[in-house]
Amino acid sequence: SFLHRRYDWVVTSGEASREAWSRALRTPVERVLSLGSPRTDLFFDPAAMAAARDRIVGAYPGLDGRRVILFAPTFRGRGKAKRAGTAIDVRTLRAALPASDVLVLKTHPNLDRALVDPAGFDVVIDHRVDLNELLTATDVLITDYSSSIFDMALLRRRLVLLVADLAEYERDPGLYLDYRTEMIGTQVVDTDGVIEALLGDRFDLAPYEAFIQRHLGASDGHASARFVERFVPA
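None of the values given here were measured: they were computed from a predicted structure.

## Brief notes about the pattern of salt bridges
Between side chains of opposite charge, pairing is possible as soon as their charged atoms come close. Applying the stated criterion across every chain, the model contains 14 salt bridges. For D201, the salt bridge is made with R158, and the minimal N-O distance between the two is 2.8 Å. Of this pair, D201 sits in the loop between α7 (191-199) and α8 (208-215) while R158 is found in strand β9 (residues 158-162), placing the two residues 43 residues apart along the sequence. When salt bridges that share partners are traced, they join R76, D144 and D165 into one network.

## Digging into unusual backbone geometry
Following D172, the chain continues into P173 via a peptide bond in cis, with omega recorded as 15°. Structurally, the position occupied by P173 is in the loop between α6 (166-171) and β10 (186-188). Although it is not a glycine, R26 sits at a positive phi angle of roughly 55°. Along the chain, the position of R26 falls in the loop between α1 (18-25) and β2 (32-34). Phi at D201 is positive, roughly 50°, even though this residue is not glycine. The class of D201 is partly exposed, set by a relative accessible area of 40%.

## Focus on a nonpolar patch on the surface
A surface patch of nonpolar side chains, amounting to about 290 Å² of accessible area, comprises V11, F227, V228 and V232. With respect to the secondary-structure elements, F227 resides in helix α9 (residues 223-231).

## With respect to the pairing of β9
For β9, a buried count of four out of five residues is recorded, marking the element as mostly surrounded by other parts of the structure. Pairing between strand β8 (residues 140-143) and β9: four bridges, direction parallel. For T143, the partnering residue across the bridge sits in β9 and is L161. A crossover links β8 with its parallel partner β9, the connecting element being helix α5 (residues 148-154), and its sense is right-handed. Alignment of β9 against β10, held across three bridges, turns out to be parallel. The residue bridging L162 from the neighbouring strand is V188, located in β10. Handedness of the crossover is the feature at issue here: the chain leaves β9, passes through α6, returns alongside β10, and the resulting connection is right-handed.

## Focus on the packing of aromatic side chains
This model, assessed by the stated rule, comprises six aromatic pairs. With a centroid separation of 5.4 Å and 55° between ring planes, the pair formed by Y145 and Y179 is classed as tilted. With Y145 in the loop between β8 and α5 and Y179 in the loop between α6 and β10, this residue pair connects regions lying 34 residues apart in the sequence. By relative accessible area, Y145 is classed as buried at 10%. The exposure class of Y179 is buried, given its relative accessible area of 3%. When the centroid spacing of 4.9 Å and the interplanar angle of 50° are considered together, the rings of F227 and F231 count as tilted. Of this pair, F227 and F231 both sit in helix α9, separated by four residues, roughly a single helical turn. Among the aromatic residues, those joined into a cluster by ring pairs are W9, F227 and F231. The ring of W9 is capped by R31, whose NZ or CZ atom sits 4.4 Å from the centre of that ring. When the ring centre of W9 is taken as origin, the NZ or CZ atom of R230, which lies over that ring, is 4.5 Å away.

Cut-offs and rules
- Sequence order as written defines residue numbering, which begins from 1 separately in each chain.
- Owing to the predicted nature of the model, reporting of local features is limited to residues with pLDDT of at least 70; listing and counting of side-chain atom pairs is limited to 80 or more, with chain, interface and lining totals taken over all residues.
- To get the side-chain values, take all heavy atoms of the structure and skip hydrogens and water.
- Here, a salt bridge means any Lys or Arg side-chain nitrogen found within 4 Å of an Asp or Glu carboxyl oxygen.
- Helical segments are the DSSP runs of H or I of at least four residues, strand segments are the runs of E of at least two, and each set is numbered from the N terminus.
- With a 1.4 Å probe rolled over the protein chains alone, any residue whose accessible area is under 20% of its type maximum counts as buried; one over 50% counts as exposed, and the rest are partly exposed.
- Put simply, a patch holds well-exposed residues, over 30% relative accessible area, that have no salt bridge, with like charges counted together within 9 Å and Val, Leu, Ile, Met, Phe, Trp or Tyr side chains within 5 Å.
- Only the protein chains shown count as covering a residue, and every accessible area follows the Shrake-Rupley method with a 1.4 Å probe.
- Between any two strands, pairing holds if DSSP finds at least two bridges.
- Looking down the strands as they point away from the viewer, one classifies a crossover as right-handed if the path from the first strand across the helix to the second runs clockwise.
- Only Phe, Tyr and Trp rings are paired, with Trp represented by its six-membered ring, and only when their centres lie within 6.5 Å; those with planes under 30 degrees apart are stacked, over 60 edge-to-face, the remainder tilted.
- Only Lys NZ and Arg CZ are tested; either one counts as a charge over a ring when it is within 6 Å of the ring centre and within 35 degrees of the ring normal.

Written out as structure tokens, the structure is:
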């Protein structure tokens, strides 16, 4: 916690998370501002979206013209004990998917890449690639408890949440919303569940709008402007 306890201000994506960030970062709630996430302004600029997608497909031409299924989970543990989470049988998944799908891996930037086995994936993305740029070329995101869920929500695209260890994760490190009642996406507990969701197109995007309004209300394409207005002297 020594990394986070001396912030003067915290910027969040919507009103619903202000109290949670205040508790987590030990920052007075009045110093947690709902200005929106500047990095999501990209998603509201069609020209910037198209340019970002062109950069990704240019770097990884195997994505072009195929349904892009991105596997990008978060990690488990802390410090030197960090480890990969969300076990998935990549070969079984790949064998079940049609050739028109491309299975892509993006490891978490804070996790030692040697801890993740890339075998079975069609494309492995360089860890330095910006995830939000990669999402512009992504059709389906498979993750677990990653904040990329919120970014994918703004794109109104499909989500598979592989959460076999949900009860354990709720205890440590904990979650600030109820995954069972508040979270969007299709929740599964194993590789078979992932396959069923993908092949059966088992996705319900209807809850996205209420989720966005509650958690991302200030992420509307103008977050950077609000940040500059609030913090940059005239």
